[in-house]
Amino acid sequence: MFPTPPSIWTDLARIRAQAPLIHNITNFVVMNNTANALLALGASPAMVHAPEEVEDFVAISSALVVNIGTLDATFVAGMKLAMRRAKDLGKPVVFDPVGVGATAYRNRVSQELLTQATPDIIRGNASEIMALAGLNAQTKGVDSTVGSDAAVEAARRLSKAWGGVVVVSGATDYIVQGDQTATIGNGHPLMAKVTGMGCTATALTGAFAAINADYFRAATHAMAVMGIAGELAAEKQAAPGSLQLNFLDCLYQLTESAIQSRLNLSER
Ligand SMILES: Nc1ncnc2c1ncn2[C@@H]1O[C@H](COP(=O)(O)OP(=O)(O)O)[C@@H](O)[C@H]1O
Ligand SMILES: Cc1ncsc1CCOP(=O)(O)O
Ligand SMILES: [Mg+2]
């Protein structure tokens, strides 16, 4: 265990003070969950995917989060326009490759999006990160079939290929940039029993990237806050419905001392 980096709290306080506008192009399943999580964190979410308006919306936002969970041709057109505009304007782009590896369409769209405009941060579960790195990952739709440890080298390969930050979530979260790795041991197994917790991690990462231009730190801080709020929620009531509700309250009420006493972060 490392001493608490004060910057986690500094970043959280900054989000709460500034309420950065986070533009989300995300899936129908989690729109409500991730908007509420961003609000509980202190950010200001908007779910906007029409190709006709995404470029204008990116221009007024502090970060763009792109999630391919329920993609179709219209979503994909909006994603491409928004990602290119965000890169042109120097705004952070966070990408969640939900279910990549499951179908040829998802694989093709993911590769197209990555080449159109390279995201600053990718966050996925182990199966998704392995599939994105071109490994023959076993995938089961949107859930991982392997532990996060199995995808660390795939994350490193992806990060080195395009220079961004890659996060593999799971029992241990790995945040990888080149040869640098941070691990977060916070969280609770029940988090995987609530749909949209991975998407929520990605959305929160967008909020941290909006206020911290060191994207390795931003992603690490987001995963730490996510994990600590998740374990606090599970301690209140260890069941999925309650966890979903309590997660928002714990996120909203998160204190510096809770972060300090619970943080399980290591770096190498
Ligand atoms: N077994 C676990 N123990 C602790 N935290 C977990 C566990 N599984 C998932 N999480 C947490 O749940 C969140 C979602 O991760 P994950 O389930 O890997 O994403 P996805 O929903 O995209 O598959 C992350 O914050 C992760 O740390
Ligand atoms: C169930 C489901 N189906 C398409 S998108 C989606 C949500 C996936 O969310 P997460 O990856 O955060 O569990
Ligand atoms: Mg996911």
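Everything below is about the structure shown above.
Each chain carries its own residue numbering, running from 1 in the written order of its sequence. To read the labels, note that chains go from A and ligands from 1, taken in the order they are written. Only residues with pLDDT of at least 70 get local features here, since the model is predicted, and only at 80 or more are side-chain atom pairs given and counted; chain-wide, interface and lining totals rely on the full set of residues. For side-chain calculations, the full set of non-hydrogen atoms in the structure is used, while hydrogens and water are omitted.

Enquirer: Provide a residue-level description of the environment of Gly206, including the pertinent values.
Expert: By the element assignment, Gly206 lies in helix 8 (residues 197–211). Residue classification places Gly206 among the buried residues on the basis of a relative accessible area of 0%. Along the backbone, Gly206 and Phe95 are 111 residues apart, and their C-alpha atoms lie at a distance of 9.1 Å. Residues count as neighbours in contact if any of their non-hydrogen atoms are within 4.5 Å of one another. Among residues more than four places away in sequence, those in contact with Gly206 are Ile22, Ala63, Val65 and Val94. For helices the rule is a DSSP run of H or I covering at least 4 residues; for strands it is a run of E covering at least 2, with both sets numbered from the N terminus onward. Burial classes: relative accessible area under 20% of the type maximum marks a residue as buried, over 50% as exposed, and values in between as partly exposed (1.4 Å probe, protein chains only).

Enquirer: Outline the packing of aromatic side chains, listing residues and values.
Expert: When two rings of Phe, Tyr or Trp (its six-membered ring) have centres within 6.5 Å they constitute a pair, described as stacked for plane angles under 30 degrees, edge-to-face for angles over 60, and tilted for the intermediate range. Tallying each qualifying case throughout the model produces one aromatic pair. Aromatic side chains Phe28 and Phe75 sit 5.4 Å apart centroid to centroid with 85° between the ring planes, which places their arrangement in the edge-to-face category. A residue pair is termed long-range when its members are at least 10 positions apart, and Phe28 in the loop between strand 1 (21–25) and helix 2 (31–41) and Phe75 in helix 4 (residues 73–89) qualify at 47 residues. You can call Phe28 exposed: its relative accessible area is 55%. Since its relative accessible area comes to 3%, Phe75 is described here as buried.

Enquirer: Quick rundown of the nonpolar core? Include the residues and the values.
Expert: Nine residue types can take part in a nonpolar core, namely buried Ala, Val, Leu, Ile, Met, Phe, Trp, Tyr and Cys, and a core is a set of them joined through side-chain atoms within 4.5 Å. Core analysis: the biggest nonpolar cluster contains 52 residues, and Leu41, Ile175 and Leu251 have the highest contact counts within it. It is helix 9 (residues 215–236) that provides the largest number of residues to this core, a total of 14 residues. With sequence-adjacent residues up to four places away left out, Leu251 is seen in contact with Arg16, Ala37, Ala40, Leu41, Leu204, Val225 and Ala229. Residues Val54, Val58, Phe75 and Ala86 belong to the second largest nonpolar core, which totals 44 residues.

Enquirer: Can you break down the pattern of salt bridges residue by residue, with the values?
Expert: Salt bridge, as applied in this entry: a Lys or Arg side-chain nitrogen positioned within 4 Å of an Asp or Glu carboxyl oxygen. All told, the structure shown has nine salt bridges when counted by the stated rule. In this structure, Glu112 and Lys80 form a salt bridge, with 2.7 Å as the shortest nitrogen-oxygen distance. Of this pair, Glu112 sits in helix 5 (residues 104–116) while Lys80 is found in helix 4, placing the two residues 32 residues apart along the sequence. A residue is classified by how much of its surface remains accessible, and Glu112, at 25% relative accessible area, is partly exposed. Salt-bridge contacts for Arg123 lead to Asp96; the nearest nitrogen and oxygen are separated by 2.7 Å. Here Arg123, found in strand 5 (residues 121–125), pairs with Asp96, found in strand 4 (residues 93–96); they are 27 residues apart in sequence, far enough to count as distant. The two residues Arg123 and Asp96 agree in class, both being buried. Within the structure, one salt-bridge network assembled from shared partners comprises Lys80, Arg108 and Glu112.

Enquirer: I'd love a proper account of the packing of helix 8 against helix 9, names of residues and values included.
Expert: Orientation of helix 8 relative to helix 9, taken along the N-to-C sense of each, is 135°, at an axis distance of 8 Å. The orientation of helix 8 with respect to helix 9, classified from their angle, is oblique. Crossing angle aside, the handedness with which helix 8 passes helix 9 is right-handed. On helix 9, the residues that touch Met197, Thr200, Ala201, Leu204, Thr205, Phe208 and Ala209 of helix 8 are Tyr215, Ala218, Ala219, His221, Ala222, Met223, Val225 and Met226. The axes are straight lines fitted to the C-alpha atoms, using for helices just the contacting stretch, and the angles between their N-to-C directions are given from 0 to 180°. Small angles under 35 degrees read as roughly parallel and large ones over 145 as roughly antiparallel, with 65 to 115 read as roughly perpendicular and the rest as oblique. A clockwise turn of the near helix away from the far one marks a right-handed crossing, whereas an anticlockwise turn of less than a right angle marks a left-handed crossing.

Enquirer: Outline the environment of Asp214, listing residues and values.
Expert: Within the fold, Asp214 resides in the loop between helix 8 and helix 9. The exposure class of Asp214 is partly exposed, given its relative accessible area of 38%. Linking Asp214 and Val165, residues 49 residues apart in sequence, is a C-alpha distance of 10.0 Å.

None of the figures reported here should be taken as evidence of function without further support.
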